[in-house]
Amino acid sequence: TVSIQRDANPSIANAGANQTVCATTANLNGNIPAIGTGTWSVLSGPSSVTLPLVNNSAVTGLGVGPNVYQWTIGNGVCPNSTSTVSIQRDANPTVANAGVSQTVCATTATLNGNAPAIGTGSWTLVSGTGVITSATSATTGVTGLGVGLDVFQWTIGNGVCSNSTSTVSIQRDANPSIANAGANQTVCATSANLNGNIPAIGTGTWSVLSGPSSITSPLVNNSAVTGLGVGANVYQWTIGNGVCPNSTSTVSIQRDADPTIANAGVNQTVCATIATLNGNIPAIGT
C-alpha cells in the first residue's frame, strides 16, 4: 500500500493596511488563515514581534521611519503565501520656542522662533493685528502691528505626531501726543502756573531746565511753580509712552524784580524859570 497526502494551498496572506504612528508600539493586522498557519517576521527596522504566530500581534521598539513586516501563511508542502506591511513611525517634533516677548514703537518687528531639528514650523496670528511675511520661516518679519498686544504662535509639527506650540507677544506702543509747554510768561511774583497740554496718549512730566524754582506737581499739566528766580526760569514738558521716543517742549517764565522804591527828592522853592530835579538813581528799573 502507498499513501499520497495532498495538502491544500494555504489561505492567501493579507498583512493588513500600512500604518503611520508616533509611538514605539503598534498592532499588526494580518488575516486569520482558514487553511494553514500564519507567522510574522521582521523584514526591516529594529522592532520585535511579540507573538509571531498571532495575526494581530503587538510590535515593540519601532524605529523612526519605515518598519516592514511579512505575514506568511503556510500549509504542509504547498508554497507559502506572503504579504508585507509597513508601519511608519514619525518622530516627535522639536519642542517649539517662539522667542522672548517684545515691546516696540513701530508697525514692524521680527519674530524669532527656534529652527526645528525635527519637523516643520509655521507662524500664525493668535490675537491682535499683524501680517506675517514668511509663515514657515523661524525668523520672519511681521508688518501692520496694531497698537497694544499682538500675539503670535510658533507651531512645529511632524507627521501624525502631536504638534508642539509656543506663543510670543509683541507689544506695540503708540507714539505719545506732541508736547506743548504753553506760551512764555512774564511775572513779577515768585510763583506762577505752567500750562502744558493734556496728553491724549502717554504721560506728561515737568522738569526744571534752569532757574532755582520748584514744580509743585510735576505730573500735572498746569502745575504751580514756586521760588521763581529773577530772570528766566525755563521748564520742559515731556510726554512719553512706553518705548516710543519722548516728545518735549520748553517754556520760559520771566520774573521781573520789583523796581527800586522811587524818591523824587525834597521839595524846592526857586525864583528862576529853571531848577534841578533830584530823584534817586534806581538800582532796579528805569
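Presented here is an overview of the structure given in this document. Given the structure is predicted, the values throughout are model-derived calculations rather than measurements.

**Some details on the overall build of the chain**
Then, number 1: Check the secondary structure of the chain and you find zero helices and 21 strands.
Then, number 2: Its C-alpha atoms give the chain a radius of gyration of 45 Å, clearly above 19 Å, the size a compact globule of 286 residues would have.
Then, number 3: The principal-axis extents of the C-alpha atoms in the chain amount to approximately 185 × 25 × 20 Å.
Then, number 4: With 286 residues in all, the chain has 34% of them scored as buried.
Then, number 5: For the chain, restricting intrachain contacts to residue pairs at least 6 apart in sequence, the fraction spanning at least 24 positions comes to 57%.
Then, number 6: Counting only carbon and sulfur atoms, one obtains 53% of the accessible surface of the chain, whose full area is about 15,800 Å².
Then, number 7: For the chain, the distance from the average position of its 4 positive side-chain charges to the average position of its 6 negative side-chain charges is 15 Å.

**Thoughts on the side chain of S223**
Then, number 1: Its place among the elements puts S223 in the loop between β18 (214–215) and β19 (224–226).
Then, number 2: Within polar-contact distance, the side chain of S223 engages the backbone nitrogen of S217 at 2.8 Å.
Then, number 3: Setting aside residues up to four positions removed in sequence, S223 forms contacts with A192, N193, L194, W206, I215, T216 and S217.

**Considerations on the sheet that holds strand β7 (residues 81–89)**
Then, number 1: The strand order β1-β7-β6-β3 describes an open sheet built from four strands, whose pairing is mixed. Two strands bound the open sheet, and with one partner strand each, they are β1 (19–21) and β3 (37–44). Across this sheet, the average inter-strand angle for adjacent strands is 25 degrees, counted without regard to direction.
Then, number 2: The pairing of strand β6 (residues 65–74) with β7 spans nine bridges and is antiparallel.

**What about the environment of A13?**
Then, number 1: Considering the arrangement of structural elements, one finds A13 in the segment before β1.
Then, number 2: When the C-alpha positions of A13 and G30 are compared, they lie 7.5 Å apart, and in sequence the two are 17 residues distant.
Then, number 3: Setting aside residues no more than four positions away along its own chain, A13 makes contact with N31, W71, I73, S81, T82 and S83.

**Some details on the state of the cysteines**
Then, number 1: On inspection of all chains with the given rule, the structure shows two disulfides.
Then, number 2: Put simply, C22 and C161 are joined by a disulfide, and their sulfur atoms are 1.8 Å apart. Between C22 and C161, the S-S torsion sits near 105 degrees, and that sign places the bridge as right-handed. Of the two residues, C22 sits in the loop between β1 and β2 (26–27) while C161 sits in the loop between β13 (148–157) and β14 (164–172), which places them 139 residues apart along the sequence.

**Some details on the sheet that holds strand β12 (residues 139–143)**
Then, number 1: Across the sheet, which stays open at both edges, the three strands sit in the order β9-β12-β11 with antiparallel pairing between neighbours. A strand with exactly one partner marks an edge of an open sheet, and here the two such strands are β9 (109–112) and β11 (131–132).
Then, number 2: One ladder, built from two bridges, connects β11 with β12; its direction is antiparallel. Counterpart to V131 in the pairing with β12 is T143.

**A short note on the nonpolar core**
Then, number 1: Judged by nonpolar contacts, the single largest core of 15 residues is most densely connected at L111, W123, V142, L145, F152, W154 and I170.
Then, number 2: Contributing elements (two or more residues each) for this core: β9, β13 and β14.
Then, number 3: Top element by residues in this core is β13. It accounts for three residues.

**Thoughts on the pairing of β14**
Then, number 1: One ladder, built from three bridges, connects strand β8 (residues 102–104) with β14; its direction is parallel. Bridge pairing in β14 places Q102 opposite I170.
Then, number 2: Of the strand pairs in this sheet, β13 and β14 are connected by nine bridges, and their pairing is antiparallel. Bridging from a neighbouring strand, W154 pairs with S166 of β14.
Then, number 3: Where β13 hands over to β14, the hairpin turn is made up of six residues, of which G159 adopts a positive phi near 55 degrees.

**What to know about the side chain of S166**
Then, number 1: Mapped onto the elements of the fold, S166 is located in strand β14.
Then, number 2: Engagement of the side chain of S166 in a polar contact is seen with the backbone nitrogen of A98, the distance being 3.0 Å.
Then, number 3: For S166, the contacting residues outside a window of four places in its chain are A96, N97, A98, F152, Q153 and W154.

**A short note on the environment of T108**
Then, number 1: With respect to the helices, strands and loops of the structure, T108 is situated in the loop between β8 and β9.
Then, number 2: Taking C-alpha positions, T108 is 9.2 Å from V131, a pair spaced 23 residues apart along the chain.
Then, number 3: Once residues within four sequence positions are removed from consideration, T108 is found in contact with V142, T143 and L145.

**A few points about the environment of Q19**
Then, number 1: Summarising the element assignment, Q19 is placed in strand β1.
Then, number 2: Here the alpha-carbon distance between Q19 and T186, two residues 167 residues apart in the chain, equals 88 Å.
Then, number 3: Setting aside chain neighbours within four positions, we find Q19 in contact with A26, N27, L28, N29, S86, I87 and Q88.

Parameters and conventions
- Residues numbered from 1 in each chain as written.
- Predicted model: local features only at pLDDT ≥ 70, side-chain atom pairs only at ≥ 80, totals over all residues.
- Heavy atoms only, no water.
- Helix = DSSP H or I, 4+ residues; strand = E, 2+ residues; numbered from the N terminus.
- Rg over C-alpha atoms; globule rule 2.2 N^0.38 Å.
- Buried < 20%, exposed > 50% of the residue type's maximum accessible area, 1.4 Å probe, protein only.
- Contact = heavy atoms within 4.5 Å.
- Areas by Shrake-Rupley, 256 points an atom, 1.4 Å probe, with all protein chains shown as cover.
- Lys, Arg positive; Asp, Glu negative; His and termini not counted.
- Charge placed at Lys NZ, Arg CZ, Asp CG, Glu CD.
- Polar contact = N/O pair within 3.5 Å; in protein donor to acceptor, adjacent residues only side chain to side chain.
- Pairing = 2+ DSSP bridges.
- Axes fitted to C-alpha atoms, helices over the stretch in contact; angles between N-to-C directions.
- Disulfide = S-S within 2.5 Å.
- Core = buried A, V, L, I, M, F, W, Y, C linked by side-chain atoms within 4.5 Å.

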